Structures are given as structure tokens and as C-alpha cells.
2 protein chains.
Amino acid sequence: MKTFFLSISLVISVLVVQGQSHPSIMLTQKNIEAVRKGIKDYPIMASSYKTVKKDAEKALKSGIEVPTPADGGGGVTHEKHKKNYQQALACGIAYQVTNDERYAKFVKDLLLEYAKQYNTWGRHPKRKQEPGGKIFWQNLNDCVWQVYMIQAYDCVYGALSAADRKKIENDLFANVVKELSEVNGSIFNKVHNHGTWSAAAVGMTGYVCGKKEWVQAALHGSKQDDKGGFLAQLNQLFSPDGYYAEGPYYQRYAILPFMIFAKAIHQYDPKFGIYDFRDGLLKKAVNTALQCTYTNKVFFPLNDAIKDKTYETEEMVYAVDIAYSDMQAGDDLLDIAQQQDRVIISDAGLQVAQAIDAGKTNPFAYKPMWIKDGADGKGGGIGILRSGANADQLAVVMKAGTQGMGHGHFDRLNLLVYDNGTEVFSDYGAVRFLNVETKNGGNYTKENDTWGKQTIAHNTITADQTSHFNGNEKKGEETTPSLVNFTANEKFQVVSAEEKNAYKGVTLWRTAILFTPEGADKALLLDVFSVNSDQPHQYDLPFWYQGHITDLPFPSEMNGKQLPALGTSNGYQHLWLNGTGIPANGKQYITVLNNRRFYTTSFLADTAIRVKLVTLGAQDPNLNLRNEKAFILSQPAATNHTFISITEPHGRNNTVAEVTTGASAAVKELKLVSATKEAVQFRFTYKKKSYTVSIRKNDPGSFLVID
Amino acid sequence: MKTFFLSISLVISVLVVQGQSHPSIMLTQKNIEAVRKGIKDYPIMASSYKTVKKDAEKALKSGIEVPTPADGGGGVTHEKHKKNYQQALACGIAYQVTNDERYAKFVKDLLLEYAKQYNTWGRHPKRKQEPGGKIFWQNLNDCVWQVYMIQAYDCVYGALSAADRKKIENDLFANVVKELSEVNGSIFNKVHNHGTWSAAAVGMTGYVCGKKEWVQAALHGSKQDDKGGFLAQLNQLFSPDGYYAEGPYYQRYAILPFMIFAKAIHQYDPKFGIYDFRDGLLKKAVNTALQCTYTNKVFFPLNDAIKDKTYETEEMVYAVDIAYSDMQAGDDLLDIAQQQDRVIISDAGLQVAQAIDAGKTNPFAYKPMWIKDGADGKGGGIGILRSGANADQLAVVMKAGTQGMGHGHFDRLNLLVYDNGTEVFSDYGAVRFLNVETKNGGNYTKENDTWGKQTIAHNTITADQTSHFNGNEKKGEETTPSLVNFTANEKFQVVSAEEKNAYKGVTLWRTAILFTPEGADKALLLDVFSVNSDQPHQYDLPFWYQGHITDLPFPSEMNGKQLPALGTSNGYQHLWLNGTGIPANGKQYITVLNNRRFYTTSFLADTAIRVKLVTLGAQDPNLNLRNEKAFILSQPAATNHTFISITEPHGRNNTVAEVTTGASAAVKELKLVSATKEAVQFRFTYKKKSYTVSIRKNDPGSFLVID
């Protein structure tokens, strides 16, 4: 093999020389002794290895089982094949650490069994698409399988006979590669996270098996035209700030193939400079992913997202370890590693463990920031405001970026609010029960389209009970909101953005401000949402709150005996109308108790405004929806209108100690001074001191003045 | 003073001699040096004292403020007076520890200010009852105020001039005692937790101020007839097992005046033998209170109960410290003390801290047990089954005791189920927002009567949509369920009880069993609920589940566009009927996903049975109800009927790691063999092995046979 490749090019020769040393991706022959020592010396290495070892032991005990693929996500064969690749990698690592041949034998026997069966299987009987997966219902899972298996193989390579290697490489891996890059070639060449998993699987397999053509295809696409493949994906799926087009939840998922394939490229071909690609894009991507979490570790659930996903996932452990060890990503990443409470047993994990042990950890530096979206950085972005220490942080997220591809929601200028370790105003996320087979096979349910993606499911304006872009994804992809202003200084933080295309003839302009008045413990959230049109429209602005309303001071007509649905389409068909309030003068606020803290939202309301109290759950025959709650500020018909609200976190209701403090809000007398298409001015008092807030769209120098 | 009292009796002379040494309740002159050293030596003492010191510092900073009483619970003056007594005690303790006169001065100035104002106040403007409280809206809070203030006074006694003492004792304490024991004499003499707070306040004040007559009144009631007073309360409010008639939530609350007044009696008059009273009742009461918690520290919310109340409350810290130091309550109490993470800065707290430091801690010994209710132990009881280690325990609670006085619910044979650190089938608890003034002044809301107390709010049978005893508390107090069987052995745990009076002519007989079949990780809950009557009735058995239904395998007609209330009274008016299912043969189960674990309840159903899916929240104009959910097995008309269900915890849905295992239940083929008024036999299979369960009411020797 060596002589064959040596004649080609420097790149390839490097590839082959290193290719003969196994393993050489996450673990390397060169460092294995140091890793072994690290497991002895560093608690985080020790406990991480203990988990790997336990998985490996379980594998040895349970023996080899390769069932004929039959079930969808969460089903028995699905979970078994998943466990197989996880256990194979665990055994591969355990073999490297211990030199115990039993672990290598498990990987060998497992791969030989797959080699024997793989070609006998037809297409997956529950395939989600055509041609679909083979081992799993979707090709994506097959790709993930291969990303793990190739690492396992790399780890035990030295323990295998030439004959076994040949059988595994020819009968299994070559066929898997064909399956991924040819049979499912359209996914392989797609600029999409599925494409990245496919490229990583094929590319890594190419490196380990010394197949140049697989590597080249993975990097540049099947046709070598860079219209697909890893480089195209890196170029097109991330903004210059390292924001991933589908949003944080999928960024978290996609980060693994990006990082591990990059790591493989770097290992086999350091001169390729993959880490420097697009000005150190991958390093930025890891930081951006972490900046898109709240202090409770959970990713902002923009677009389709499973809500309890944290940065503790395996993907993020890989990402953090590699970014720290290979990309000089900074010692505040060690804080995240410590929260993750594990490292990958690898050269990179060792670096992290050593640094933690050396006391280098700094608190993760959450920062207010504007993260540019779009491959060229011109697709709007995500605005994040943060106030307070990590232990009790008020955070505000404004989504003003691209549609987010197939997983995008129609949520232009959506606002998420967090405080005190929890959600205050939240996004529903995806309507999906991940891996629960009785819930549509663990896949998105149909309510993900009828509810999750609809505008009314988000904390932004719906006009005329119709979603942005009429729910047309393609239309949504064509344009983006634009940044009006982002400023973070000592006095305040502000993000302001404008959306002109969501509704024909309607301009949406939203400004979110964090401002701490004199004598306040916490910042206030000032939210100014102007909508301008020549024609009258109905404007609904929901606040999807967590917690329980404890003060509804204005008269409300409640539907006590019969609960009607609020509408018939665009998500409104899923809302029960609990009641309608008429916010009388001087009583224009609602207080919610959430995680033992009060949140009072004071708002402006003219005589036409109604407050609709709603609960999610109508038209839900399969009980797929959580019964979340909102109050909706509803303006029945207006051309121009400015919603202004101030949300104030206050007080404490400790039911264990039976102490309540600060139960009344301090913000009073919210009053509009003036509102035009270009400028808004309003007043309020906080503890008797009066503040005037002036916002001028076209005056970047003094966009926001509070005095 | 000394000569005056010495002529009376030994008891009184002891009282007076010790009465002159201050302090001598929780802290004593004798041990204060050891306590000071303990604060230096033991982390739990150090951190506990740090909190006290911080409160004391805050007090010094904020200065003296005694507002004229004006607000209800949670309001500004309410919270200020509460803070005053807490800060006074903190300063009292800080003074003892540091000898710093500034702390003593705060207590002195505060008490003198109260002494000046107290008599100028009329009845509380927001009083909850007549005559009501003076400092607070209810007399109860005034009593609590005095229990704290007298301890604070005791701590700083040595720092006060004779003139100041006289002013405080005569102008303030004597008037407070009069207010408690005379103006509110009916509460003082009541056998009820309010009476105990009153007795403790008056009695402790009597000891500290050397007023024999106050002590005597507190012990034996105003008329010295032992129809009221502390001894009557001890005699009548607790069962011989130390179970408190109002239930665990109020037991937790009442335990403080019981324990601290007992401690005072013991300090001033050890020969009285209060700790030995009723065979060591108070020690049993502390253990029983703790046995009435789940492993998440929360009290079983039987009767009116705030649901997040844990044993971390101050009352339980006092109780645990005193029980450990004074009553030899066992080293497993140290586990609780460590969970509480604090001790009272006191002689008792010191003992606890020393023992923890000496490594004596054992895990708290949660045990399956039958706790007798009723002053004579003949009022039924509470059955508790527990399976598994404290870290992951399946617990079942059956309420088969007395009504529970004014805070009692109509919930005969109610079942609560916990697992995996959380509620599985839950009790709503009280409809109350404690200390939230905008919610009915922080008091019980009217839905506590219309919902919280009603039978349908509980996991037990409602006949004919009418609550037990027709919702008549007095009727409920007249009778109790009776124990049929309680057994806990290696093979199973069972509690079985019978209720003959809740409905005229209807016998309710419920048997709950924990049984671990071969090959199971966790126990199954077998629930057999027989109802027998000569007349046909509608029987509704709800399962108030936490979590989200993930499998509803039988056809259900859902109310998608209009949601009707299920009924018009007895709690049914608060239920929205989401849908009605017809549980077809072979599909008689429901699976719920809760805290990442699945729970499948398989149940028997004949062709008449319907499954009603309901959500709480109808007729709730003030948004006082949480929107909890239940499935109700509803038998429209039957004379005799046996509900049998098996609830199986299984599998795991880890959304962070994206792993699902054991998503299908293993219990199958649940079949009734026979059911009479005296015996029930049924079968089921678990992982292909078949089990027959036989229950024979009148055969105590082999009440339950599983084979």
C-alpha cells in the first residue's frame, strides 16, 4: 500500500505514512502512555474512563448480537445497533488503555458479524425516506454508526490479522461507504448536517483504511466540485461568527462530525490547515454554540429543538475537548468541561484534564453579543443580552436571523427570556418525543408543523392570525431581518432589529433593552415592538410564560364551563381561550410567580387592546402537546401600533422558609410619549424616580437614550 | 422573686432556681463555651452560625422598625413583624456567641419599641377571625412571634437593666400573654396546633419570666382541668405512633412548639419527665414526621398541604436537633441533619455537629410501616410501602386514617405513588399560594373547598360524582377506615384497608402491593380496589399522574374544538373533559413518561368501563388551580366492582444522551380470576412468567399469596 500511494502527492504521502500508525484520531500511539498516566492522575479522566470501562465490560458480558434491522427510532433493533457502535468504541478505547485482547476481540467479532450480514440486508423496512437507511430507518443514523465504528476499528487495528482487516474493510466498510456516498449520494453531497455526518463517516473511513478517493470525495463532494462535501458545508452552513444555519440545537448535533472529521484531517494532514479554515471557523463555532446556551446549560431552543438538551451531550464534550486542546480556545472552556464532568479518553481529553488539574479554570465568559447569521454574515443574526453573574443571570435572546432551513420556525423577532436559572418567556421548541416509538416513531409529530413552527407559538407578533410568510419556508429563506442596533455598555444593553418581509406591507421593528435603574437588584427588560402598515391589521403579541399567574388586576371574562378554541388554523386551532381581559387604566400589568421569584410585566394598552389568556392543547388527538400558557396582548385592528412592556423580576416566595419579600413590582406609570416609524419615546417610574426612554432608529450615534 | 416562689413546691422551686440562669432553653450558660468552640470546629455549626450572624448584621444595619399592623399574610407589615422576631432571635444568639453588646442592644431596643406601641394597637384591621391577632392578621402568628421573642429575650437577659426587663415583661410580655391566653383564650385552650403555639408561647414566657401561673395554664389549660393545654394536646393530637391528626404537613408545622416547649419544660423541670410522656411520644413524633416524607425530602401532601414543603424547614431542624441530642433518636437522624445542612446554634445543635464530625451518620432508615392514627391508636392509619434504596425508591402511601380535622380531605383510601425521586400519582395538596397576598391574602382560596378537599381530587373512588360523607367534615370525623392487613416481608409488601362509611351502603376495600417479579429491576405496584353495594352506583377511580402520556393504545374520542366541564359540583365542575377512551381488549393500559422513566398502568376493564381524560382548570376565575391531569377509570353503573391495576416503572428516556431503553412494559395479560366481597384472585404475566395473586380478607394468616 505504501509504495502505491507514495507516488502521488505530498498530501497523500503524509496521509499514508500516518495512516499506517493506528490509532491516530482521538487517541494516538504516541500519546497512549500519557493518557494511561492521566487516567491515574486526574479525577475527571479517571471517572470518564470508568464509564467507558463499564460500557466495555457490559459489552463483553452481553456478547455479540447483530439483529436484522426492523424497528424505527427508539425500537429494539434501533437501540441495539446504536448500543453496538457505542460499545465498540468503548471497547476500542479500553483496548488501547489496557492492552487487554478481550476488548479487541469484541470489536473484531462484532465487525466480522456485521461484515457477514450487512450485504444480506435489504433497505430498512421502516425507512423514513428513499432510499433510506440500511442499519437504521434513516441514512443519518447509518452515518453516525460508521463515525463511531471507524474509530473503534482504528483502536483495535493493531490486534487484527491481515485477513480480518481485509474482510472488515472490503466486506463491510467499503459497502457502507458505497451505501453512504453512492446509494445515498444525494445526502452525502447535501450542504446540511446529514451531509456532514456522511462526509465525516466516509472521510474518516478513507483515512483509516488508506483510501484516498473516499477522503477526497468527503472533502470536495462526489464530483470533486466543492458543491458538496465538507469544505462546502463549512463554507455554507456557518456564518463568519460560527453560527450554524439550523440553530443552536442542530449546531450542537452537527458540531461532532465537523469537529471529529476536522480532527482526523488535522491528524493525517496537518498541513491542510483545516483548523485555520475561514479564519478559525470551527473554534468560533464551539464558542458560539456555548454562547447559545443559558446558564442552566440548556441550548436556546430556537427552531426545531428538544428542550432539555444541554451542553453535557457527548457531541459537546468532543467539541470542547478538541477546541481546548487543538484550537487554543481559552481557559474558560475548562469551566464547561467541569460542568460536563467528563472528557473524551483521548489526547484532547488529557489536555483538558491536565489544565483543570493545574487550576487554570476560569468561569465561562457569557457575553452580551450579536451573532451574525448567514454564510456571508449578512443574514441578520441572534442578539443576546446578559445581565448578572452566571449564578443568577437575566438573559434575553432575540432571533433576527435566517429562517433556519427545514427545521426553521416562523418566528421573526422572537424573544426568549431567562432568569434565576430558568425560563421566564419561553419557546415551545419542537413537538417531538425523541426516541419514544409510540410517539410517531420518535420523530417530529404533525403538530410540529401545525403548532411548533407557527408564529403564534412564539413571543413575537402575529398579524391577522396568519404566520410569517404565510408559513412558506421557501419565502422565509429568501430574506432575513436586519440589525438596527446592538450596544452593550455599562449603562444598558440593547438589541434592535427590523423585519420587513414577514407580512406584505407591514414593518416589524423590535427593540429589547436591559437596564438597571437606581436601587434595583436586577435589570429590567424593556421591550418595544413597533408595527407599521398602511392597512389595518389584527396584531397579537403573546408572552409564553412559565410559572403561575398570581396577579391579574384587571377585569377578565373567563370561560368557566366551556372552553372554545381560539381559531381554526395557523396554530390558533391549538389554543384554548381561557378568558379575555380588559386592561383598565392603572392596572395594566400581570404578575407571574416562577421558581419562587415574581415577574411583573407592565404594558401599555389603549382601549382597544384585549388580553387573551390561552392554554395550548386544543385539536390534539394524540396528546402530543404540552399545555403551556400565554397571555396575548391583542390589538384587533390598527395600522400602526407600538407594544411597550417592561418585565421586572422582583421579590422572592420561599415556601420552605415561608418568607415572601418584594411581592410588589416597583415599575409604575408606564406611559407613551410619542411613537413614529422612526422613533419611540416613553416614560416610567421605578421607586419614585422617573425615567424617559428614547429610541431613534436612524441615529446610530445615540440610538438609545435613557434619562 | 426567689423567696416568693421557694415556698410553693419542688417543681416550682426548681423552675425558679434555673429560671434565674439565662439563657436556658436552646442555649445555656453552662454550654455556651462549648458552643463557641463548636462553631470553630465543625463545618455545619460554622455555616449555620454564619447565617445567623448575617441575619443579625442585617438587623443592626436596618435598625428598629415596628410598623402599625396593617397587612394580611405576605404584606409589608406582616413580613416586617415576622422579620423582627427572626432578627431578634438571630441577635440574641449572636450576642451569646460573641458577647457583642450591639446585638443585645438591638433586641432591647426592639422589645422596648414593641412595649411602647403594643398597647396602643387595636385589633388587626385585616383579622382573619374574631377577636383575631394583634400584630398579625391571625392570633397564630402572634403566638409564633412570642415563641421567638421570648427566646431572644432569654438570650439577652443578662445584658438588660432591671428597669428595662420590667418594662419589657410588664408592658409587653404580660400583655401578649393576656392577649394569647385570655383575649384569644378559646384558641389557647383548643386542642389544635394553634393551641399548641399559644401554649408554648405562654408557657415559655412563664418560665423565662418566672411566672408560675402562665406555665401552669400552658400545661393544663386556663381552667387547670387538662381539657386544654399542652398535655391535653399531646394526649389528643397524636396517635400512640406519634402521628399528628391533621397530617404530615401540619405535623411538620406543629412539631416546633411541641418540641421547643417540651425542651423548655425539660430545662426548667427535668423531673417532670416530659420526654417520657406517653412512652416517649415526642421522639416517635419526630421519626413519624420523617417517615411521612419521600426521599426527595418533601412531606406527603395529605390533607391541606403546601406541596414543596420539605424537612429542611426550620421547625424540622429544631425537631431533629432536639430529638437527637435529648431523646437518643438514633444516628440515622444525622443523615437528615446533613440533608438539612444546618443545625440550630444551641446545645442540641452542638451534639448533632459533634456526632456528624465523629462519622456516626447512617442513612435515614425509611421503612415500610403502618402508622396508627387516632389518639387511642384506633383511628385507622397511614400505610407506607417502600422498595429500593433511598437513591431510587418506589414508595406508596395509603391514607386510611382519621378525617384530619378542619384541614382534612375527603380522601378515604387515597393512594400516593412516588418513584425515581418524584411523584408518579400525586395528591393536589392545598389550593393556596402561601404568603402571596394577591392570592386571597396568602390564605386558602375558595377552590380549596370546592376542589382540594373533594374526593375526585384524590386517587381514590368517588361514587355517583359525590364526595365521601357528602363533603361533611363532622361526619367524616365520626368514623375511620380500618386496617385489613399490613405485611412487609422479603417477598412483598402489602397494605389493605376498608372503608364502610364514606358512602351509605357501599364498602370500599383497597389493597396495595409492592411485588418484584423475577427479572425485574423495580417492584410493581398492584392495586386492587373492590367496591361492594346492593345498589348500582357510578364509580370513578382517577389516577392523577405527573408527566406526559406517551401511549394511549385504545380508541379515544377527543374534544378538540370545545372543552366541556365534566360536572357541576363536588369538584367535577373544575375538570375539563379532554376525551373519553374505550379500552379495547388487549390494549388496556396507559403509559406515562415522567422524569425520563416510563410508567405503564395496566388495568382491568369490562365493556362498560370508560377512560376519561381530564385536566383541572374549569370554573377557575382567579386562576388559582394548577392544570394537573388524570385518567379516570369510570364504571357507569355497578353494584359490585373490582378495579385492578398494575403500575410498572420501566425503561429510560435520556434526551441528553439520546438513549431510550425498556420503552415497552413487561406486564401483560392481566386477567381477573374471581372477585367476591371477601376475596380477589387475578393473574398476570411478567416477561412470560405467569403469576397468580390471591387476596383473602378474612384469612390473616395467608392474606396475600402470589405464586
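Numbering of residues begins from 1 in every chain and follows the order in which that chain's sequence is written. Key to labels: chains lettered from A, ligands numbered from 1, both in the order written. Note on the predicted model: pLDDT of at least 70 is required for a residue's local features to be given, and 80 or more for side-chain atom pairs to be given and counted; whole-chain, interface and lining totals, by contrast, use all residues. Only hydrogens and water are removed before side-chain values are computed, so all heavy atoms of the structure are retained for them.

All names here are of chain B. Each aromatic pair joins two rings of Phe, Tyr and Trp (for Trp, the six-membered one) with centres within 6.5 Å, and gets the label stacked for planes under 30 degrees apart, edge-to-face for over 60, and tilted for any other angle. This model, assessed by the stated rule, comprises 52 aromatic pairs over all chains. A ring pair is formed by Tyr153 and Tyr157, whose centres lie 5.6 Å apart and whose planes are at 80 degrees; its orientation type is edge-to-face. The class of Tyr153 is buried, set by a relative accessible area of 0%. Whether a residue is buried, partly exposed or exposed follows from its accessible area with a 1.4 Å probe, protein chains only, as a fraction of its type maximum: under 20%, in between, or over 50%, in that order. Classification of Tyr157 as buried rests on a relative accessible area of 16%. On the basis of an interplanar angle of 75 degrees and a centroid distance of 5.4 Å, the ring pair of Phe515 and Tyr691 is categorised as edge-to-face.

UniProt positions are given in the numbering used here, feature names are shortened, and annotations may be inferred rather than shown by experiment. Mapped onto this numbering, the UniProt entry gives "domain: Heparinase II/III-like C-terminal" (unreviewed entry) at residues 373-579 of chain A. Comment: elements are numbered from the N terminus, with helices defined as DSSP H or I runs of at least four residues and strands as E runs of at least two. Along residues 373-579 of chain A the backbone is 6% helical and 43% strand, and the end-to-end C-alpha distance reaches 39 Å.

Residue and element names in this part refer to chain A. For every residue, the pLDDT score states the predictor's confidence, bounded by 0 at the bottom and 100 at the top. Residues at a pLDDT of 70 or more form 97% of chain A, whose mean pLDDT is 95. Here a residue-residue contact requires only that any non-hydrogen atoms of the pair lie within 4.5 Å. Every residue in residues 1-19 scores below 50 in pLDDT, and together they form 27 contacts with partners more than four places removed in sequence or on other chains. The complex model carries a pTM of 0.91, and its ipTM stands at 0.90.

It is worth spelling out the interface of chain B and chain A at this point. Between chain B and chain A, the contact holds 51 residues from the first and 51 residues from the second. A simple way to read buried area is as the amount of 1.4 Å-probe accessible surface that goes missing from two parts once joined, with both sides added. In total, chain B and chain A occlude about 4200 Å² of area from one another, counting both sides; carbon and sulfur atoms represent 54% of this. When a carboxyl oxygen of Asp or Glu is within 4 Å of a side-chain nitrogen of Lys or Arg, the pair counts as a salt bridge. In this structure, the connection of chain B to chain A is made through two salt bridges. A salt bridge links Arg596 of chain B to Asp308 of chain A; its shortest N-O distance comes to 3.5 Å. Under this definition, polar contacts are N or O atom pairs within 3.5 Å; protein pairs additionally need one hydrogen-donor-capable and one acceptor-capable atom, and for neighbouring residues in sequence, both atoms have to be side-chain atoms. There are 17 residue pairs in polar contact (both at pLDDT 80 or more) connecting chain B and chain A. At the level of elements, α5 (76-98), α13 (248-268), β12 (548-551), β14 (562-564) and β22 (659-661) of chain B are the ones that each hand at least two residues to the side of chain B that touches chain A.

All names here are of chain A. Only when DSSP finds a minimum of two bridges between them are two strands counted as paired. Taken in spatial order, the eight strands line up as β7-β8-β9-β10-β20-β17-β16-β12 in an open sheet, and their pairing is antiparallel. Either end of the sheet is taken by a strand with one partner, and the two such strands are β7 (482-488) and β12 (548-551). Going from strand to strand, the sheet's axes swing by 20 degrees on average, the running direction of each strand aside. Bridging between strand β17 (residues 597-603) and strand β20 (residues 641-650) involves six bridges; their strand directions are antiparallel. The residue of β20 that forms the bridge with Thr601 is Thr647. The convention used is that axes are lines fitted to C-alpha atoms, helices contributing only their stretch in contact, and that angles between N-to-C directions extend from 0 to 180 degrees.

Looking now at the domain arrangement of chain A. Interfaces are often sized by the amount of accessible area the parts lose when they come together. All names here are of chain A. If you check the domain split of chain A, you get domain 1 (2-357) and domain 2 (369-671). The straight-line distance from the C-alpha centre of domain 1 to that of domain 2 is 38 Å. Listed as interface residues are 44 residues of domain 1 and, on the opposing side, 49 residues of domain 2. When domain 1 packs against domain 2, the two sides together hide about 3400 Å² of surface, and 54% of this comes from carbon and sulfur. Where domain 1 touches domain 2, the interface holds three salt bridges. In this structure, Lys372 engages Asp241 in a salt bridge whose closest nitrogen and oxygen atoms are separated by 3.6 Å. On inspection of domain 1 and its partner domain 2, the count reaches 20 residue pairs in polar contact (both at pLDDT 80 or more). Each domain's extent is set by a domain assignment, obtained either automatically or from a database.

All names here are of chain A. The topology assignment puts Val693 in strand β25 (residues 689-696). Note on Val693: relative accessible area 0%, which makes it buried. Spatially, the C-alpha atoms of Val693 and Ile706 are 4.5 Å apart, while their sequence positions differ by 13 residues. With near-sequence residues (within four places) excluded, Val693 lies in contact with Ile513, Leu526, Val680, Gln681, Phe682, Phe684, Leu704, Val705 and Ile706.

Bringing the relation of the copies chain B and chain A into the picture now. Copies overlap after least-squares fitting; the atoms used are the C-alpha atoms of residues with pLDDT of at least 70 in both. Once turned by 180 degrees and shifted 0.0 Å along the axis, chain B lies on chain A with an RMSD of 0.1 Å. Classification of the inter-copy transformation places it as that of a two-fold axis. Taking the C-alpha atom as reference, chain B places Leu563 of chain B closest to the rotation axis, 2.3 Å from it.

Another aspect to go through is the side chain of Gln493 of chain A. All names here are of chain A. Checked against the element boundaries, Gln493 lands in strand β8 (residues 492-503). Side-chain polar atoms of Gln493 contact the backbone oxygen of Arg386, separated by 2.6 Å. Other than its neighbours up to four places away in sequence, Gln493 contacts Pro368, Leu385, Arg386, Ser387, Thr487, Ala488, Ala512, Ile513 and Leu514.

All right, on to the pattern of salt bridges then. This model, assessed by the stated rule, comprises 65 salt bridges over all chains. Salt-bridge contacts for Arg412 of chain A lead to Glu499 of chain A; the nearest nitrogen and oxygen are separated by 3.1 Å. Note that Arg412 of chain A is positioned in the loop between β3 (394-400) and β4 (414-419) and Glu499 of chain A in strand β8, a separation of 87 residues in sequence. Each member of the pair Arg412 of chain A and Glu499 of chain A is classed as buried. The salt bridge involving Arg127 of chain B is made with Glu130 of chain B; its shortest N-O contact spans 3.0 Å.

With that settled, consider the state of the cysteines. The term disulfide refers to a covalent linkage connecting the sulfur atoms of a pair of cysteines. By disulfide we mean two sulfur atoms from cysteines, separated by a distance within 2.5 Å. For the structure on display, the rule yields zero disulfides over all chains. With no disulfide of its own, Cys155 of chain A lies 11 Å from the sulfur of Cys91 of chain A, the closest cysteine sulfur.

Next up on the list: the packing of helix α7 (residues 139-156) of chain B against helix α8 (residues 162-183) of chain B. Residues and elements named next belong to chain B. Contact geometry of α7 with α8 gives a least axis separation of 10 Å together with a crossing angle of 150 degrees. By the angle between their axes, α7 is roughly antiparallel relative to α8. For the element pair α7 and α8, the recorded crossing hand is left-handed. Residues Asn139, Asp142, Cys143, Trp145, Gln146, Met149, Ile150 and Tyr153 of α7 pack against Arg165, Ile168, Glu169, Leu172, Phe173, Val176, Glu179 and Leu180 of α8. Throughout this entry, Asp, Glu, Lys and Arg are counted as charged residues, while Ala, Val, Leu, Ile, Met, Phe, Trp, Tyr, Cys and Pro are counted as nonpolar. The remaining residues, Gly among them, count as polar. Broken down by class, the residue content of the contact of α7 with α8 amounts to ten nonpolar, two polar and four charged. Each angle gets one of four labels, with under 35 degrees taken as roughly parallel, over 145 as roughly antiparallel, 65 to 115 as roughly perpendicular, and the rest as oblique. Left-handed describes a crossing whose near helix is turned anticlockwise from the far helix through less than a right angle; right-handed describes the clockwise counterpart.

All names here are of chain B. Pairing is antiparallel in the open sheet, where four strands are placed in the order β23-β24-β25-β26. Looking at strand neighbours, the two that pair on one side only are β23 (667-675) and β26 (704-706), the edges of this open sheet. Taking each pair of neighbouring strands and ignoring which way they run, the sheet shows an average axis angle of 15 degrees. Bridging between strand β24 (residues 679-686) and strand β25 (residues 689-696) involves eight bridges; their strand directions are antiparallel. Along β25, the bridge assignment pairs Arg683 with Thr692.

In regular strands, side chains alternate between the two faces of the sheet. Residue and element names in this part refer to chain B. Summarising burial for strand β4 (residues 414-419): six of the six residues are buried, a large majority. Residues of β4 alternate between two faces, with Asn414, Leu416 and Tyr418 on one and Leu415, Val417 and Asp419 on the opposite face, all of them buried. Where β4 meets strand β5 (residues 422-425), three bridges bridge the pair, whose relative direction is antiparallel. Considered in β5, the bridge of Tyr418 is made with Glu423.

Right, let's get into empty space enclosed by the protein. As defined here, a cavity is a set of points on a 1 Å grid over the protein atoms alone where a 1.4 Å probe fits but cannot get out. A pocket is an open set with protein on both sides within 12 Å along at least five of seven lines, and residues line them when an atom is within 4 Å of a point. Grid points are joined across faces, edges and corners, and a volume is the space filled by probe spheres set on the points. In this structure the tally under the stated criterion is seven cavities of 30 Å³ or more. Size it by volume and the largest cavity reaches roughly 90 Å³. The wall of the largest cavity is formed by Pro23, Ile25, Met26, Leu27, Leu89, Ile93, Gln151, Asp154, Cys155, Tyr318, Ile344 and Ile345 of chain B. Every element with two or more residues in the lining of the largest cavity is listed here: α5 and α7 of chain B. Residue contributions to the lining of the largest cavity peak at three residues, all from α7 of chain B. Among the residues forming the lining of the largest cavity, the class breakdown is ten nonpolar, one polar and one charged. Taken together, the elements giving at least two residues each to the lining of the second largest cavity come down to α5 (76-98) and α7 (139-156) of chain A.

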